[in-house]
Structure formats: structure tokens, C-alpha cells
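Fold and contact review
The residues making up each chain are set out below.
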There are 2 protein chains.
Amino acid sequence: MARERKFSREDLYRVSKQLLLKHGYEGFTFSLLAKDLNISRGAIYKYYENKDELLSEYMIYEMEIFLNKLDKINNYNSFNKQFDFLVDLMFQDQEMHQLRKIGFEIPHTTSETVKINSDTLSQLHLTMYKNLQSFVSQGKKEEIIKTHIPDELVLGFIFQTIDIPNHTHIPQEKWIASIKEIIRNGMFVQ
Amino acid sequence: MARERKFSREDLYRVSKQLLLKHGYEGFTFSLLAKDLNISRGAIYKYYENKDELLSEYMIYEMEIFLNKLDKINNYNSFNKQFDFLVDLMFQDQEMHQLRKIGFEIPHTTSETVKINSDTLSQLHLTMYKNLQSFVSQGKKEEIIKTHIPDELVLGFIFQTIDIPNHTHIPQEKWIASIKEIIRNGMFVQ
DNA sequence: AAAGAAAGTGACAGATATGTTACCTTAATC
DNA sequence: GATTAAGGTAACATATCTGTCACTTTCTTT
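In the nomenclature of an unreviewed UniProt entry, chain A is known as Transcriptional regulator, TetR family of Ornithinibacillus halophilus.

Moving on to the protein's contact with DNA strand C. Around DNA strand C, the structure places 22 residues, and the nearest of them are Ala2 and Arg41 of chain A together with Lys6, Ser40 and Lys46 of chain B. In the interface set of DNA strand C, defined as its atoms within 4 Å of the protein, sugar plus phosphate atoms amount to 59%. Between DNA strand C and Phe30 of chain A there is a distance of 3.4 Å, counted from a phosphate oxygen to a backbone nitrogen or oxygen. Within the side chain of Lys46 of chain B, a nitrogen or oxygen atom sits 2.6 Å from a base oxygen of DNA strand C. Counting residues per element, the ones that place at least two in the surface near DNA strand C are helix 2 (30-37) and helix 3 (41-45) of chain A together with helix 3 (41-44) of chain B. Per-class residue counts for the surface near DNA strand C are 9 nonpolar, 5 polar and 8 charged.

For the pair chain A and chain B, the best superposition has an RMSD of 0.1 Å and corresponds to a rotation of 180° with a translation of 0.0 Å parallel to the axis. Such a turn and shift between the copies fits a two-fold axis. Rotation axis and chain A: the residue whose C-alpha lies nearest the axis is Gly186 of chain A, separated from it by 1.9 Å. By residue overlap, the copies meet face to face through one surface: 100% of the interface positions of chain A are interface positions in chain B.

Residue and element names in this part refer to chain B. Within this structure, the stated rule accounts for 22 salt bridges over all chains. Put simply, Lys17 and Glu95 hold a salt bridge, and the shortest N to O gap is 3.4 Å. Of this pair, Lys17 sits in helix 1 (residues 9-27) while Glu95 sits in helix 6 (residues 94-103), and the two are 78 residues apart along the sequence. Residue Lys17 is classed as partly exposed on the basis of its relative accessible area of 24%.

Cut-offs applied
- Residues numbered from 1 in each chain as written.
- Chains lettered and ligands numbered in written order.
- Predicted model: local features only at pLDDT ≥ 70, side-chain atom pairs only at ≥ 80, totals over all residues.
- Heavy atoms only, no water.
- Near = heavy atom within 4 Å.
- Polar contact = N/O pair within 3.5 Å; in protein donor to acceptor, adjacent residues only side chain to side chain.
- Helix = DSSP H or I, 4+ residues; strand = E, 2+ residues; numbered from the N terminus.
- Nonpolar A, V, L, I, M, F, W, Y, C, P; charged D, E, K, R; others polar.
- Least-squares fit on C-alpha atoms with pLDDT ≥ 70 in both.
- Contact = heavy atoms within 4.5 Å.
- Salt bridge = Lys/Arg side-chain N within 4 Å of Asp/Glu carboxyl O.
- Buried < 20%, exposed > 50% of the residue type's maximum accessible area, 1.4 Å probe, protein only.

Set out below in C-alpha cells:
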């Protein structure tokens, strides 16, 4: 150590998250980042060669946090409780879900570091996928989930429906309850 | 008339669409557009002051085409057929749905023309919404759709689920059939 | 064939993002 | 207190996008 840093890694990640959600991948720049951190742009280059290096590293960080939370799905042994847990988690981590989509825009063609990070990220996605895969399998084995529905669709419904904009500001609890109901039993009167 | 144009409005729209889907709103530039059209960048400025003017106009064009198709929903008088029509339409016009989301990124703060176009676009969205609103109302009146489900969610499910990525390339027919089944009756065994 | 008008071009200036680097600052270590 | 090394800054060169404008090209009209 020689001199105290003006910004921590956490600062970097926090502000990057805000900027990513606001401007998207293409709109994210070191200029904006430096301005929001009240540091000079050059300081960031002491740690990262380009934005892809920073962002791919940050995505790994977010993904690891998410996977840790997701892992708690194994604390529940009935499929129904796991289902509730998963949908609730997705709603809590709605922003993470936005970020994950932005993460796919990072090109893995630039520096070596980015390539390595992208590989790590792919690995984490695979881990997530396997975790969820076994969740779906169990649902089908317990004869709760219809077996003829593609696994991808089971997960896709849970992942996509959290993005439905709630323009009329229906209370979150009611909103989520309705989503769960539709996924479970549909929106048609039986 | 004085001289033949090297590019038609259709050319402009077609290439803009490709670029928008590939690079998103922020990544869309007149430079890219000119290059793909094999014309000079300056030529585009003869018709549009900036990209927002072009894009907002283009979005109106796409939206009008879509609304014309959507209007055919009234050719069906049973709710169930309308439902099938709507889901099928959304799948045919998947790209249009991507574009619509990108369209929301156009700032309505630049030139007067953009403001006017944005208003027109809002109007078209309202028209679409009302059209769909009456579809949902009918479904509830016919006691096919559960009345306690928020209207926004009924539409949201139809609009969002078409975005679920079909990575494993399940045949479209089977895919769409499963989506319809889940929306209607859920993914849980009854 | 001359005049006029719309279409298109290329160059210019301004703005902003990107990497790099010489130099300054701060704090720990000797 | 001098040395060392990491942290930070500001300026520079480069690249790209933007908007404008004088000029050229092409076609129609007279």
C-alpha cells in the first residue's frame, strides 16, 4: 500500500450498475463512470484496460451473489415451495435479471482478460442452468409439472414474466400472486 | 423531380431495421446507415435532421403496419379464436416487438418534428392498447378469462412470453402450442 | 442548349470516447 | 527525512459521430 484509494471496488460496481441500467451496454462509458465517482478517467485505467474488462468482472461478481441466493432453493424439499422461492427470488432480484441480459452484449473478442472472464461467466450461467434444470426435473418427477412442456419453457416463463411492466402499480403482492397463479394454472377459467 | 434517388424510403427503413436489431438504439448511427446504403452520410441529412427524426418516423410506419394486422382480430367473434390469432400474430411479428421496445428509447426532447412523431407514436400505442383492452374485456365477459387477473397481466403474458429464447430449437409449432397451453391452463398438472 | 431544381458528395468544425503517458500526491518503510 | 511505490491527474493523440455547407451531378423543363 502506498496511498489510500479514492474509490473502492464496491463503489465501482455500484456506480457501474446504475449506469448500466440507465444507459445500457453501448451507452456505458468510462467518462460517465469517472464523473459519477468524482475521479479522473485515467484512474480507472490503472485497474482496467477497457470497459469490457470491468463489466465482465462485475457481471461475475453479480452472478456469484445471485447463485449463492439461488442455491438456497435446496433448503426446500417440496417442489411447490421451491417454485414459490424461485419466483419470489426473481422478483427480489429484478435488476440482476436486467443486468444479466446486458451482460450478454459484452463482446468476448477483445482482450485476453475479457475472454477469460467471459468463459468464467459462461461457466456460472451453466451452473445456474443445471441448478434450475434439476428443479424442473424434480417438478416433472413429482408429477406436478406437465411432462410434455419443454424444460426451457418452464424456466422461460419464470424468467420472462418478471419483466412485465406493472404500469398501473398494482400492489406487488397481488401482482406476484397473479403471476404465480397463471404460471401454475393459467389465466383461463377451468 | 430532378434526379433519381439512390435510395428509397423503403431502403432506408429496411436497413434501419437491421441496424436497430443488431446494435440497438444507442449503437445506431448515420455512419453505419450510409455505409450499408452505399451513399454518403450527408445525403441522409437532406431528409432527416438527426437519427431520432428518422427512427421515430420509421417506428410510426412499423406501428401502423402492425395495427392493421392487429385489427383483423375483429374478424373473429369467439374469444378463443381471437386469443389464438393474437398469439400467432405476436410470433409472426417478433421483430416488430423488439423494435417497439427500442422505440421507447427515442428521447422526445430533441427537435419539434421528433416531438410530433413521438406524440403520434403514443397515440398509436394507445390505439393498440384500447384494441387489446376490449379483447381482454370480452374474455372476462365471456367468463373465459379469470376476472381477478389484472388486465395488464393478461396482455403482459402474451407480449413477454414470445421473447423466451428457444435455444434448443424446439419446432415453432410445438413451442407455440406449449406457450398457449401454459397461458390458458398453466404448466401444473391439474 | 440553357436554366432550374433536387440528389448526392466531400470536407470542415465541434463534440465526445478511447488509450497512453509524463508528472504529481500520498503514505508506508527504511 | 529520504526512498519507494501505488494512487491519481491532466494533457495528448486518435478515432468516431454529428451537423453543416459549398460544390458537383443528374435530370426535367423551357
